[in-house]
Amino acid sequence: MTNLQDLVSAAKQGDKTAFSQLYQEIYKDLYKFAFYCLKNETDAEDAVSEAVLDAWQSLRKLRRDDSFRAWMFKILSAKCKRKMKYYAARREEADLSEVEIPVFQDRDDSLELRRAMDTLTDEERMIISLIIFGGYDSGEVADMLRLNRNTVRSKHSRALAKLRQALA
């Protein structure tokens, strides 16, 4: 099996097959992150697609081959933040409380967890998703979201408490 750093190196040289293998390695985590942030399957797929396209186009700018996964999540989190800002602007224009979030039977995520995630604010969902699906620690999340590390820890703790309560 090929080393991920070798795949990144090959992809940087224009090897589409290597990039495809890299994508296959992390797609599920990217999708879960986007889905829990955006609460919509189509928007999550769009955000992941946009992030992957941006990554392919700017892959040569990646400085360290071993940071490919973190770099992909950083690109995706920017896409999700942009969509979340768009949602917020739309909410101000119209009452979206009647919009139904579809349930997808073919996903391995439970409806109960999705409903619990819906109780979180956009920022809380972003923090939880980066930590759970992205595998980042609070310091890395703080850097990505431009927040204080202690603020991320306290928001993470409060968000987990909300999830526990919603799942109880």
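Just so we're clear, the structure is a prediction, and the values are computed from it rather than from any experiment. (Residues numbered from 1 in each chain as written. Predicted model: local features only at pLDDT ≥ 70, side-chain atom pairs only at ≥ 80, totals over all residues. Heavy atoms only, no water.)

### Structural notes on the overall build of the chain
In terms of regular secondary structure, the chain is built from eight helices and zero strands. Ordered by position from the N terminus, the helices and strands of the chain form the series α-α-α-α-α-α-α-α. By residue count, 39% of the 168 residues in the chain fall in the buried class. Counted over contacts in the chain with a minimum sequence separation of 6, partners at least 24 positions apart contribute 68%. Summing over all exposed atoms, the chain offers an accessible surface of approximately 10,100 Å²; the carbon and sulfur share of this is 47%. (Helix = DSSP H or I, 4+ residues; strand = E, 2+ residues; numbered from the N terminus. Buried < 20%, exposed > 50% of the residue type's maximum accessible area, 1.4 Å probe, protein only. Contact = heavy atoms within 4.5 Å. Areas by Shrake-Rupley, 256 points an atom, 1.4 Å probe, with all protein chains shown as cover.)

### Thoughts on the packing of helix H7 (residues 138-145) against helix H8 (residues 149-167)
Any two packed helices are characterised by how steeply their axes cross, that is the angle between the axes, and by the distance between the axes. Contact pair H7 / H8: the axes reach a minimum separation of 8 Å and the direction vectors enclose 110°. Relative to H8, H7 is oriented roughly perpendicular. On the side of H7, the interface is formed by Ser138, Gly139, Val141 and Ala142, while H8 contributes Arg149, Val152 and Arg153. Split into classes, the residues belonging to the contact of H7 with H8 amount to three nonpolar, two polar and two charged. (Axes fitted to C-alpha atoms, helices over the stretch in contact; angles between N-to-C directions. Parallel < 35°, antiparallel > 145°, perpendicular 65-115°, else oblique. Nonpolar A, V, L, I, M, F, W, Y, C, P; charged D, E, K, R; others polar.)

### A short note on the nonpolar core
Residues Phe33, Phe68, Leu76 and Cys80 are the most contacted members of the largest nonpolar core, which totals 48 residues. No other element matches helix H2 (residues 16-38), which puts twelve residues into this core. (Core = buried A, V, L, I, M, F, W, Y, C linked by side-chain atoms within 4.5 Å.)

### So, the confidence of the model for the chain
For the chain, mean pLDDT is 82; residues scoring 70 or higher make up 85% of the total. In the model, residues 93-108 has pLDDT below 50 throughout and makes 15 contacts with residues more than four positions away in sequence or in other chains. (pLDDT = per-residue confidence, 0-100.)

### Considering unusual backbone geometry
The residue Lys39 is not glycine, and still its phi comes out positive at about 60°. Along the polypeptide, Lys39 turns up in the loop between H2 and helix H3 (41-58). Accessibility expressed as a relative area gives 23% for Lys39, which makes it partly exposed. Its identity as a non-glycine residue notwithstanding, Arg146 has a phi of 55°, on the positive side. Inspection of the secondary structure puts Arg146 in the loop between H7 and H8.

### With respect to the packing of helix H6 (residues 122-132) against H7
One can describe the packing of H6 onto H7 by two numbers: an axis separation of 10 Å at closest approach and a directional angle of 130°. One way to sum up the angle between H6 and H7 is to call them oblique. The way H6 lies across H7 gives a crossing that is right-handed. For the pair H6 and H7, contact is made by Met126, Ile127, Leu130 and Ile131 and by Val141, Met144 and Leu145, respectively. (Left-handed = near helix turned anticlockwise from the far one by under 90°.)

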